[in-house]
Amino acid sequence: MTNKITGVNGPINGWLDGHTYLIGLMAYPIRHSMSPTMHNNAFAKLGLNFTYLCFEIDNKKLPKAVEAIRTLDMRGSNVSMPNKKEVIKYLDKLSPASEMCDAVNTIVNDNGVLTGYTTDGIGFMKSLEDEGIDIRGKKMCLAGAGGAATPIAVQAALDGVSEIEIFNLNDDKWAQAEKNVKTINEKTNCKASLHHLEDKDDFKRAISECDIYCDATGVGMKPLEDMTLVEDPSWFHEDMTVFDTVYAPRTTKLMKVAQKAGVKHVLNGIGMMIEQGVAAFKLWTGKDMPTDYIREVIF
Ligand code: NAD
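Residues numbered from 1 in each chain as written. Predicted model: local features only at pLDDT ≥ 70, side-chain atom pairs only at ≥ 80, totals over all residues. Heavy atoms only, no water.

Chemist: Give a description of the pairing of strand E7 (residues 139-143) that names residues and reports values.
Modeler: Moving residue by residue along a regular strand, the side chains alternate between the two faces of the sheet. Across the 5 residues that make up E7, a large majority, 5, are buried. Neither face of E7 is open: one carries Lys139, Cys141 and Ala143, the other Met140 and Leu142, and all of them are buried. As paired strands, E7 and strand E8 (residues 163-168) are joined by 5 bridges and run parallel to one another. Looking across to E8, one finds that Met140 is bridged to Ile164. On the question of chirality, the crossover connecting E7 to the parallel E8 by way of helix H5 (residues 149-159) is right-handed. Here E7 pairs with strand E10 (residues 212-215) via 4 bridges, running parallel. (Buried < 20%, exposed > 50% of the residue type's maximum accessible area, 1.4 Å probe, protein only. Helix = DSSP H or I, 4+ residues; strand = E, 2+ residues; numbered from the N terminus. Pairing = 2+ DSSP bridges. Right-handed = clockwise from strand over helix to strand, strands pointing away.)

What follows is the structure in C-alpha cells.
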C-alpha cells in the first residue's frame, strides 16, 4: 500500500520506529492547530525520524505533562494557551527573550534539562526579513500587549528596532503593556513607551511617524472580522509596512485600508506563524524546515 505522506510502497524504515523522537503540543483547546500538520510534513519531507502530536493539557494537567517530557525522553514540546506562563515554573532554564516575555511557546529537552523559548517574536522578525523588510533602527507602532504582541515587542527591541510606541486599551492587558515597556527600556537599547488606544489623536500621530504599524490585537478576526482599529487610509503613508498578526481571514479589514492607502508592504500573520514553527523546528532537530514545500502543501 502506498503511504499517503511519503508516497513510498511497503514498510518505511527509519521512521516511526523504536528510535523516533517525540515532540508534543500542550494546550487546551488545541485540536484545531495547524502545527502537527506543518511539523509532521516537514519531518517526512526531510526523512527525519520525528513525530509531533497534540495533547489536550490545561494548567491542572501541566505539571505531569512536563514531567512526562523528561520521563518519556521526548525531544521537546510546543506550549500554547493556557500554559504559556504557567509552564515556566516547571522548566530548568529560559532563553533571554522568554525571560523578558515571561512566556514560553517551545520547550527543548537536552538530556533531562528543559529550556523554554519563545519563537513568536523570531517568527515576526523573520517573516519581515522574508519580504525584504529590515526594521532595525526604525520606529514601530504596536497595538496590543497580549500573547502575540509581547514577544513581537521584545524580539523587535532585542533585534535593534530603535523605538516602539505601544498602544493598548485600559483593559486586563494594560499591566502587561506596562511591564513590556519597563522590560524593554531596562534590558535593550530600544526606547519603548505606552499610550492609550482610546486617545485617537495620539494613535494617529504615532502611525503617521512610524516605519511599521503592527496590529496584534486580533481585531479583524472572528468575531471582530468586520472591524479595524484604523478606518481612515489617510492615517497611513505609502513608505511604511502594515502588519496584521491575524491569519484568518488572509486579508483583514485593516489590510484593505492599508492597501487603499497605497502602503508598500501589507502583511498578514501567515509568515509569522510559519516562521515561529521554523524556529522551533530548528531548536529540536538542528535542521531548516523546508518552508517552500510547507507553504505549497499546507498554506
Ligand atoms: P491576547 O488575548 O493575549 O491579547 C489581545 C490584545 O488585544 C490585548 O492587548 C488586548 O488589550 C487587545 N484587544 C482585545 N480586544 C481589543 C479591541 N476590541 N480593541 C483593541 N484592542 C483589543 O491575544 P493574542 O494571543 O495576543 O492574539 C492576538 C492576535 O494575534 C489573534 O488574532 C491571534 O490569532 C494572533 N496571533 C497570531 C500569531 C501568528 O503567528 N501569526 C501568533 C499568535 C497570535
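Chemist: Quick one: what's the story with a negative patch on the surface, residue by residue and with numbers?
Modeler: Taken together, the side chains of Asp171, Asp172, Glu198, Asp199 and Asp201 present a region of like negative charge at the surface. The residue Glu198 is located in the loop between strand E9 (191-196) and helix H7 (200-209) in this model. (Patch = residues over 30% accessible without salt bridge, like charges linked within 9 Å, V, L, I, M, F, W, Y side chains within 5 Å. Areas by Shrake-Rupley, 256 points an atom, 1.4 Å probe, with all protein chains shown as cover. Salt bridge = Lys/Arg side-chain N within 4 Å of Asp/Glu carboxyl O. Lys, Arg positive; Asp, Glu negative; His and termini not counted. Charge placed at Lys NZ, Arg CZ, Asp CG, Glu CD.)

Chemist: Give me the pattern of salt bridges: which residues, what numbers.
Modeler: Throughout the structure, instances matching the rule amount to 21 salt bridges. A salt bridge links Asp102 to Lys85; its shortest N-O distance comes to 3.8 Å. Taken together, the positions of Asp102 in the loop between helix H3 (96-101) and strand E5 (106-110) and Lys85 in the loop between strand E3 (76-79) and strand E4 (93-94) put the pair 17 residues apart, joining distant regions of the chain. Its relative accessible area of 41% is what places Lys85 among the partly exposed residues. Residues Glu275 and Lys126 are paired through a salt bridge, measuring 3.9 Å at the closest nitrogen-oxygen approach. Of the two residues, Glu275 sits in helix H9 (residues 270-285) while Lys126 sits in helix H4 (residues 120-130), which places them 149 residues apart along the sequence. A relative accessible area of 31% means that Lys126 is categorised as partly exposed. Members of the salt-bridge network, linked through shared partners, are Lys139, Glu163, Glu165, Lys191, Asp202, Arg205 and Glu209.

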